[in-house]
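# A structural walkthrough
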Amino acid sequence: MADSTSNGVLGTFSSPGEVIDFIAANDIKMVDLRFTDLLGTTQHFSIPAALLDETMFRNGTGFDGSSIRGFQTIDESDMLVVPDPAGAYVDPLLEVSTLAVICDIRDPVTGQPYSRDPRYVARKAEEYLKSTGIADTSFWGPEAEFFIFDSASYDYQQNEGYFFIDSNEGIWNSGNSGPNLAHRPRNKGGYFPLPPVDTQQDLRSRIILAMMDAGLNIDKHHHEVATAGQGEIGLHYGPLVAECDAIQIYKYIVKEKSRQEGKTATFMPKPIFGDNGTGMHTHQSLWKDGATIFYDANGYAQTSEEMRFYIGGLLKHAASILAFAAPTTNSYRRLVPGYEAPVNLVYSQRNRSAAVRIPMYEMDTPAAKRIEFRCPDPLANSYLAFAAMLMAGLDGIQNRIDPGPSVDHDIYEMEGEEAAALPNVPGSLAEALDALEADNEYLLKGGVFTPDLIEGWISYKRENEVDPMRLRPHPYEYFLYYDG
């Protein structure tokens, strides 16, 4: 239980009174109310700390829902944000002492939680899991990768379009004068040499310290495979909603701390052509009465029958899951052969070329038994993506969906008919959205997802991302066709 001596990190408050007492005892000046929009971006507004009282925790405070992507139309714009004491923490990056509070969204007319609030969807997924009797807790461990560049600029007009990114680590700078000359990772060579090749060691460490100050439980950090500033910071696993909250804080701190140090961070899955992209491999497991249901000492890779059926559900519904878990047109620049991305919908122990991997680091350790779904990327709204994965896995257990035989050799080396027989991820966001439109009944169980949310998601993505990309000429088309 938190009190006035609490350090104000995420998860230490259990009641509105504790939050208010902490504000008074620690001279907090501002309260920043934060929530996640449909697409996964954290939105916020701030109030003087003295205005946060127990009434606001009960009744919320208003905002314009029509100005938030994927939320309300202008004729039904009034919405409420309701602070959650468990989501309060002192922001470690702001100069003015500020308590950030993660909020839920409520309809002011009905008083009910808002169906398009991603955090509410994740809460309902946790409740549905308990209602099935299969398990009572799901644990999630995302590995969100990112790029930190020295500069990035981009524009698109009727008569021009370009992007320009640069990183001192980029192998394209090996012929330039300046610092770190000749100490740069080559394409696909960034995993994971010491400095001076890794120039961002201290920056990632400072990012981690800020994350820990906010209350995140950090595992490890390192340079990733790609040449120019690609990194990964591991979050320790946690329950679904709590881990999604942590991911939102994680992304904020990576981006803002990089900005404060004169750099720019992105979670785009594929910002660089010809090098590895950025994923968010997602570890997951189910527990009941304090024990995992995924372990069987005598099963394949020490997996239980429930775990294999869970995998079966993930693989069966993978195409529609990816409408949430790989949710951008850029996501499918990453999900291509040749860059360690999991394009084949099969499972295996240890094998990183499969979409579903069963890690084997800790043999004979039931608590460590989990699956790693490797297709998601960090532009996913984790509340929706994790909920969709959980619903697919539960559907697999409920319907005893056989995942088929494991593939325990390097899929990238397979050729001919053997390779052609393997099922693949969708080739584009348009294909993933079509799959979601055709395959969503498993998401509707228990009212976890609603038809309104699914329809709104598909419509928004088609109108604002798929069609605009489809209709615009790409700069590379000028190389291909201008003089044809």
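Now for a quick tour of the structure.

Counting 123 residues, the largest nonpolar core has Tyr-250, Leu-286, Phe-373 and Phe-449 as its most contacted members. Here the element with the most residues in this core is helix α9 (residues 382-398); it accounts for 12 residues. Contacts of Tyr-250, omitting those with residues within four sequence positions, involve Ala-144, Phe-146, Met-211, Leu-216, Glu-232, Ile-233, Leu-235 and Phe-267. One finds Phe-147, Ile-165, Ala-226 and Ala-228 within the second-largest nonpolar core, a separate group that totals 6 residues.

All right, on to the pattern of salt bridges then. Applying the stated criterion across every chain, the model contains 24 salt bridges. A salt bridge links Arg-69 to Asp-37, with the nearest nitrogen and oxygen atoms 3.2 Å apart. With Arg-69 in the loop between β3 (61-64) and β4 (78-90) and Asp-37 in the loop between β1 (30-36) and β2 (42-48), this residue pair connects regions lying 32 residues apart in the sequence. On the basis of relative accessible area, Arg-69 is assigned to the partly exposed category, the value being 34%. Given a relative accessible area of 0%, Asp-37 falls into the buried group. Close ionic contact of Glu-256 with Arg-259 constitutes a salt bridge, the shortest N to O distance being 2.7 Å. Of this pair, Glu-256 and Arg-259 both sit in helix α5 (residues 240-260), 3 residues apart, roughly one helical turn.

In this section: the packing of aromatic side chains. Inspection of every chain in the model, using the stated rule, returns 17 aromatic pairs. Taken together, a centroid distance of 4.9 Å and an interplanar angle of 40° make the contact between Phe-35 and Phe-63 tilted. With Phe-35 in strand β1 and Phe-63 in strand β3, this pair connects stretches of sequence that are 28 residues apart. The same class applies to Phe-35 and to Phe-63, which are both buried. With a centroid separation of 6.0 Å and 85° between ring planes, the pair formed by Tyr-300 and Tyr-347 is classed as edge-to-face. Of this pair, Tyr-300 sits in the loop between β14 (291-292) and α6 (305-316) while Tyr-347 is found in strand β15 (residues 347-349), placing the two residues 47 residues apart along the sequence.

When you tally the buried positions in β4, you get 10 out of 13 residues, the bulk of the element. Strand direction decides the pairing type here: β3 and β4, joined by 4 bridges, are antiparallel. Within β4, the position partnered with Gly-62 by the bridge is Leu-80. With 7 bridges connecting them, β4 and strand β5 (residues 98-106) associate as antiparallel partners. Within the sheet, the bridge partner assigned to Pro-83 lies in β5 and is Cys-103.

Every buried residue of helix α1 (residues 16-25) is listed here: Gly-17, Glu-18, Val-19, Phe-22 and Ile-23. On the buried face of α1, the contacting elements are β1, α2 (54-59), β4 and β5. In the segment just after α1, Asp-27 is the residue with positive phi, at about 55°.

With 12 residues, α6 ought to run about 16 Å at 1.5 Å a step, and its terminal C-alpha atoms sit 16 Å apart, in line with that. Among the residues of α6, Met-307, Phe-309, Tyr-310, Ile-311, Gly-312, Gly-313, Leu-314 and Leu-315 are the ones counted as buried.

With that settled, the discussion passes to the environment of Thr-55. Take Thr-55: it is sitting in helix α2. Between the alpha carbons of Thr-55 and Val-82 there is a distance of 10.0 Å; along the sequence they are 27 residues apart.

This next bit is on the sheet that holds β3. Spatially, 5 strands are ordered β2-β1-β5-β4-β3 in an open sheet, and the strand pairing comes out mixed. Bordering the open sheet on either side are β2 and β3, each of which pairs with just one other strand. For this sheet the average axis-to-axis angle between neighbouring strands, irrespective of direction, equals 40°.

For Arg-186, the location among the structural elements is in the loop between β8 (160-166) and α4 (201-214). Taking relative accessible area as the criterion, Arg-186 reaches 62% and is therefore assigned exposed. Expressed as a C-alpha distance, the spacing of Arg-186 and Ala-226, which sit 40 residues apart in the sequence, is 8.0 Å. Setting aside residues up to four positions removed in sequence, Arg-186 forms contacts with Ile-171 and Thr-227.

Of note, Asp-245 is situated in helix α5. The class for Asp-245 is buried, based on a relative accessible area of 5%. In terms of polar contacts, Asp-245 uses its side chain to reach the side chain of Tyr-383, at 2.5 Å. Ignoring sequence-local partners within four residues, the contact set of Asp-245 consists of Ile-102, Arg-119 and Tyr-383.

This part takes up the packing of α6 against α9. Where α6 meets α9, the closest approach of the two axes is 6 Å, and the angle between their N-to-C directions is 120°. By the angle between their directions, the pair α6 and α9 is classed as oblique. When the axes of α6 and α9 are compared, the crossing they make is right-handed. From α6, Glu-306, Phe-309, Tyr-310, Gly-313 and Leu-314 reach across to α9, where they touch Met-389, Leu-390, Ala-392, Gly-393, Leu-394, Gly-396 and Ile-397. The residue inventory of the contact of α6 with α9, partitioned by class, reads 8 nonpolar, 3 polar and 1 charged.

Alignment of β1 against β2, held across 7 bridges, turns out to be antiparallel. Bridge assignment links Thr-36 to a residue of β2, and that residue is Thr-42. Counting the residues in the hairpin turn of β1 and β2 gives 5 residues, including Gly-40, whose phi is positive at 110°.

Quick look at unusual backbone geometry now. Note the cis peptide between Pro-195 and Pro-196, where omega equals 15°. Summarising the element assignment, Pro-196 is placed in the loop between β8 and α4. Non-glycine residue Asp-27 carries a positive phi angle of around 55°. Its place among the elements puts Asp-27 in the loop between α1 and β1. Although it is not a glycine, Gln-302 adopts a positive phi angle of roughly 60°.

Rules behind the numbers
- Residues numbered from 1 in each chain as written.
- Predicted model: local features only at pLDDT ≥ 70, side-chain atom pairs only at ≥ 80, totals over all residues.
- Heavy atoms only, no water.
- Core = buried A, V, L, I, M, F, W, Y, C linked by side-chain atoms within 4.5 Å.
- Buried < 20%, exposed > 50% of the residue type's maximum accessible area, 1.4 Å probe, protein only.
- Helix = DSSP H or I, 4+ residues; strand = E, 2+ residues; numbered from the N terminus.
- Contact = heavy atoms within 4.5 Å.
- Salt bridge = Lys/Arg side-chain N within 4 Å of Asp/Glu carboxyl O.
- Phe/Tyr/Trp six-rings, centres within 6.5 Å; stacked < 30°, edge-to-face > 60°.
- Pairing = 2+ DSSP bridges.
- Expected span 1.5 Å × (residues − 1).
- Axes fitted to C-alpha atoms, helices over the stretch in contact; angles between N-to-C directions.
- Polar contact = N/O pair within 3.5 Å; in protein donor to acceptor, adjacent residues only side chain to side chain.
- Parallel < 35°, antiparallel > 145°, perpendicular 65-115°, else oblique.
- Left-handed = near helix turned anticlockwise from the far one by under 90°.
- Nonpolar A, V, L, I, M, F, W, Y, C, P; charged D, E, K, R; others polar.

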